[in-house]
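An overview of the molecular structure
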Amino acid sequence: MAVDRREFIKIAGVSVIGLTLGPALKLEEKVEASEGKVRRDPKALKGKRWAMVVDTRKCEKCKKCVAAEACHAYHNVPKIPDPKREIKWIWQESFEHAFPHLAAEGEHIGEEIKRRPFVILCNHCKHPPCVRVCPTKATFQREDGIVMMDMHRCIGCRFCMAACPYGSRSFNWMDPRPYITKENPEYPTRTKGVVEKCDFCAERIDQGLLPVCVEACPEKALVFGDINDPNSEVSKLVEKHFTLRRKLELGTDPQVYYII
Amino acid sequence: MYDGGKIITGLIIGVILLSFPFWYNLGKAAKFPEPKLTPKAKQAGQCVETKVYMKAHHMQLLNKWRDDVVRKGYRLYVGLNGKMFKMSLQNECLKCHSNKQEFCDKCHNFVDVKPYCWECHIEPKEAKGGK
Amino acid sequence: MFEKAFVGGKKYWGLVLFWSVFIVIGFLCYLWQLKVGLKLTGMSRDVSWGFYIAQFTFLVGVAAGGVMVALPYYFHNYKKFGRIAVLGEFLAIAALVMCLLFIFVDLGRPMRVLNVVFHPTPHSVMFWDMIVLNGYLLLNIIIGWTVLDAEKNGVAPPKWVKPVAYLSIPWAFGIHTVTAFLYCGLPARGFWLTAIMAPRFLASAFAAGPALLLILCILVRKYTKFDPGKEAIQTLGKIVAYAFIANIFFFLCEVFTTFYSHIPEHINHFKYLFVGLHGHGKLVPWMWLSAALAVIAIILLVVPATRKQEDVLVVTCILVFISTWIDKGLGLITGGFIPNPLEEITEYWPTFPEFMISIGVWCAGFLVLTLLYKIAISVKEEVGG
């Protein structure tokens, strides 16, 4: 069979693609030894939909949020002075920024409410837009409702930041480590180029512990629990009090409730 | 042959460049390093799986662990002889293998792999002084 | 046919060198960004997409704009576009190369980009955007190359090209529709949350794409022996006129709905862009420049006397291109982020390295365009002469 140059190059090209694509497609080797050997911690807290109630009446005394500081220290959240590069999981906002719809210009909301700090964090929405848009499932929702970040998988496209209606997400514009004054050796840091946010302390819940902020708040203003369980403390609180939720009209069904 | 001189010169340069790694490293063959165990690891006698398995597959195991932990919420691993382990690089593996430089880096440097685990996971403090 | 890209005069090599210099500078800046992270850019927690994504969006439009040549040629058998069809396809290839590069340089962890393939996520619009953009790139390479090869050999293109070309036409609408869906499906960004986003994108694309193509046609005629044809250029001018007017019409529809409904989350972004919000208004002069250029361009496009005069038409097309570029390449993305969902204002302007990386990507696209046009025109000169 006579093969001309053109033909030869074609065959060679196809062969190269075939030879390289084969191994590339065989993505991950099966790890047989570890199949079926993983367990949940029996101490893990069990809930169908985790939620948080913030009693904002108790927040007035705190100029600085102790709970937020504890969270940031525990999770190795860097303190970056430039507000453009800031990373925040939980922080205080004024009423007009936390609830811009309810505080339109000239609105009469009362001096006391205006002064009151509002602790805001990821709302762990029932219908999270961030999860919807993530192109790699790096942001996903657990069965118990927690909206989680898989830092190993995030490509840093920041689609989730555009999608989040609450400004809950931060991007690592640079290596965060130089801005962590005291590392918590029990928890990882993040690296430049990934997005991060509050995860309701999923790893503590899985070990039977409450979120750091809930434990740290000296006023017990933050209450955590299963909103699907009518006997939980959070359910009783929202039953008893009128609560606000941020941007409810967007249909995200946020799971942080504010007692006014 | 047209331009014979140029072609042969080109060929010689090509061959030299292609074989560069071989003669550059001639006589410098390095011995494969043995990872060192800490007294604590030695005393434990075994890892989560057999030594042979860990040597060959620790990367796949860790890869699977991180998915199991982060994405599925499994935190515990039933290792050899039914012993329970916390699936955590930082809070379990490195508690025994606290000598990261001697245990991890040596081999990784030798085979020139740069796992980015340490960009986030904090290495044990002892290892830092070991330099 | 590749060999045609390796022979050329001084001007050709000068142009190649010119693009290459800026590509190298841009690449060096990118290596810098890779090292220190995206803090090298002007983006922030509040304005988390900037110049890169804006250029990407604009260039998807340029790529889709090529269909305004393909559609009349393949669907309506408009012969006059036969001569320039390949120019439209090659322009789309260059634009898509830029699009993909702009996405890449915007990523925080670029080495993980293949995660989009390893973990396919159909509920993410970005997943679909990746598919349509790469698909459109492939279609244009196949069609452009095959047709040109046939032209060179003096034979009719193989039969299978026709259905592929038909497929590429709805596909072109698809790339810009999906790109609009990236933005218009986000609940808390009032500026983007509008069903007319995709039509608006298409209209501005069908103005900017053919406008650029028209400019390129004139340049080609001036510097080579290939003449795209007077009538083809005039038809392109008409297409630009209709598309640009549609674009402005859609924009005015947007303005009406926003201001008459008087919903703050929608109004505030327009206010920021056109009059400034709470004393912040970096983009105000730009937006008015865009508006002014648009008005001038429309007059010059509508009046037959000015449209038919080729010199004026070229200037008009430059105005259209700049006007749509400001609208999409500066205003659209930044405007959507200001104010943020908490009604706070953080302004944005690209930094110097960010700008140089963008220039590098643009030049990479123009290098691809130069090489492809060199090949196409060499073939056409050969066949024609």
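These figures come from a predicted structure and were not determined experimentally.

In this section: the pattern of salt bridges. Pairing between side chains of opposite charge can happen when their charged atoms approach one another. In total, this model carries 33 salt bridges over all chains according to the counting rule given. Residue Asp41(A) is joined to Lys43(A) by a salt bridge in which the shortest nitrogen-to-oxygen separation is 3.8 Å. Residue Lys43(A) is classed as exposed on the basis of its relative accessible area of 58%. As a salt-bridge pair, Arg75(B) and Asp206(A) come within 3.0 Å of each other at their nearest N and O atoms. With Arg75(B) in the loop between helix 3 (51–72) and strand 1 (76–78) and Asp206(A) in the loop between helix 7 (202–205) and helix 8 (212–216), this pair bridges two chains. Judged by relative accessible area, Arg75(B) falls into the buried class, the value being 11%. What emerges from the salt-bridge pattern is a single network uniting Arg142(A), Asp144(A), Asp206(A) and Arg75(B).

Next up on the list: the environment of Tyr373(C). All names here are of chain C. Structurally, Tyr373 is set in helix 14 (residues 352–384). Taking the C-alpha atoms as reference, Tyr373 lies 8.8 Å from Ala5; in sequence the two are 368 residues apart. When neighbours within four sequence positions are excluded, Tyr373 is seen to be in contact with Leu87, Gly88, Phe90, Leu91, Leu213, Leu216 and Val220.

Taken together, the contacts link 45 residues of chain C with 50 residues of chain A. Note on chain C versus chain A: buried area summed over both sides is about 3,900 Å², and carbon and sulfur give 56% of it. Interface area lost by chain C to chain A is led by Arg45(C), Pro187(C) and Leu342(C), which between them contribute 20%. For the pair chain C and chain A, the number of links is one salt bridge. The tally of links from chain C across to chain A stands at 31 residue pairs in polar contact (both at pLDDT 80 or more). Within the residue set of the side of chain C that touches chain A, elements represented by two or more residues are helix 1 (10–36), helix 5 (115–118) and helix 6 (125–153) of chain C. When the residues that make up the side of chain C that touches chain A are grouped by side-chain class, the tally is 21 nonpolar, 13 polar and 11 charged.

Where empty space is left can be seen by rolling a probe of water-molecule size over the atoms. All names here are of chain C. There is about 740 Å³ of room inside the second largest pocket. Forming the walls of the second largest pocket are 21 residues, and the residues nearest its centre are Tyr12, Leu15, Tyr223, Thr224 and Thr370. Mapped onto the lining of the second largest pocket, the elements with two or more residues apiece are helix 1, helix 8 (197–223) and helix 14. The greatest single-element share of the lining of the second largest pocket, amounting to eight residues, is contributed by helix 14. Of the residues belonging to the lining of the second largest pocket, the class tally is 13 nonpolar, five polar and three charged.

What follows is about the pairing of strand 2 (residues 50–55) of chain A. Consecutive residues of a regular strand have side chains that alternate between opposite faces of the sheet. All names here are of chain A. Of all six residues in strand 2, six are buried; the element is thus mostly enclosed. Side chains Trp50, Met52 and Val54 of strand 2 all project onto a buried face; the interleaved residues Ala51, Val53 and Asp55 project onto the opposite face, where all are buried too. In the sheet, strand 2 pairs with strand 9 (residues 222–226) via five bridges, with the strands oriented antiparallel. Each bridged residue has a counterpart across the sheet, and for Val53 the counterpart in strand 9 is Val223. When strand 2 meets strand 11 (residues 256–259), the two strands line up parallel, connected through four bridges. Paired with Val53 across the two strands is Tyr257, which belongs to strand 11.

When two helices pack together, their arrangement is given by the angle between the helix axes and the distance between those axes. Residue and element names in this part refer to chain C. Packing of helix 10 (residues 264–274) against helix 11 (residues 284–302) leaves a shortest axis separation of 6 Å and a crossing angle of 90°. With respect to each other, helix 10 and helix 11 are oriented roughly perpendicular. Of the residues in helix 11, those touching helix 10 at Tyr272, Leu273 and Phe274 are Val284, Met287 and Trp288. Here the contact of helix 10 with helix 11 is composed, by residue class, of six nonpolar, no polar and no charged.

Both trends apply: most residues other than glycine have a negative phi, and most peptide bonds are in trans. In this model, Ile338(C) is joined to Pro339(C) through a cis peptide bond whose omega is -5°. The backbone phi angle of Lys220(A) is positive, close to 55°, even though this residue is not glycine. Here Lys220(A) is to be found in the loop between helix 8 and strand 9.

Ranked by size, the top nonpolar core spans 153 residues in total, and within it Trp49(C), Phe56(C), Phe102(C), Tyr183(C), Trp192(C), Ile333(C) and Tyr373(C) carry the most contacts. Of the residues forming this core, the biggest block, 17 residues, is contributed by helix 8 of chain C. Built from parts of two domains, this core gets at least three residues from each of domain 1 (1–184 + 360–385) and domain 2 (191–206 + 237–350) of chain C. Setting aside chain neighbours within four positions, we find Ile333(C) in contact with Trp49(C), Gly50(C), Ile53(C), Ala54(C), Thr57(C), Tyr183(C) and Trp192(C). Formed by 45 residues, the second largest nonpolar core is a distinct cluster that contains Val119(A), Ile205(A), Cys213(A) and Tyr258(A).

About the criteria used
- Residues numbered from 1 in each chain as written.
- Chains lettered and ligands numbered in written order.
- Predicted model: local features only at pLDDT ≥ 70, side-chain atom pairs only at ≥ 80, totals over all residues.
- Heavy atoms only, no water.
- Salt bridge = Lys/Arg side-chain N within 4 Å of Asp/Glu carboxyl O.
- Buried < 20%, exposed > 50% of the residue type's maximum accessible area, 1.4 Å probe, protein only.
- Helix = DSSP H or I, 4+ residues; strand = E, 2+ residues; numbered from the N terminus.
- Contact = heavy atoms within 4.5 Å.
- Buried area = accessible area lost by both parts, 1.4 Å probe.
- Polar contact = N/O pair within 3.5 Å; in protein donor to acceptor, adjacent residues only side chain to side chain.
- Nonpolar A, V, L, I, M, F, W, Y, C, P; charged D, E, K, R; others polar.
- 1 Å grid on protein atoms, 1.4 Å probe; cavity = no way out; pocket = protein on both sides within 12 Å on 5 of 7 lines; lining within 4 Å.
- Points joined across faces, edges and corners; volume = space filled by probe spheres on them.
- Pairing = 2+ DSSP bridges.
- Axes fitted to C-alpha atoms, helices over the stretch in contact; angles between N-to-C directions.
- Parallel < 35°, antiparallel > 145°, perpendicular 65-115°, else oblique.
- Core = buried A, V, L, I, M, F, W, Y, C linked by side-chain atoms within 4.5 Å.
- Domains from an automatic or database assignment.

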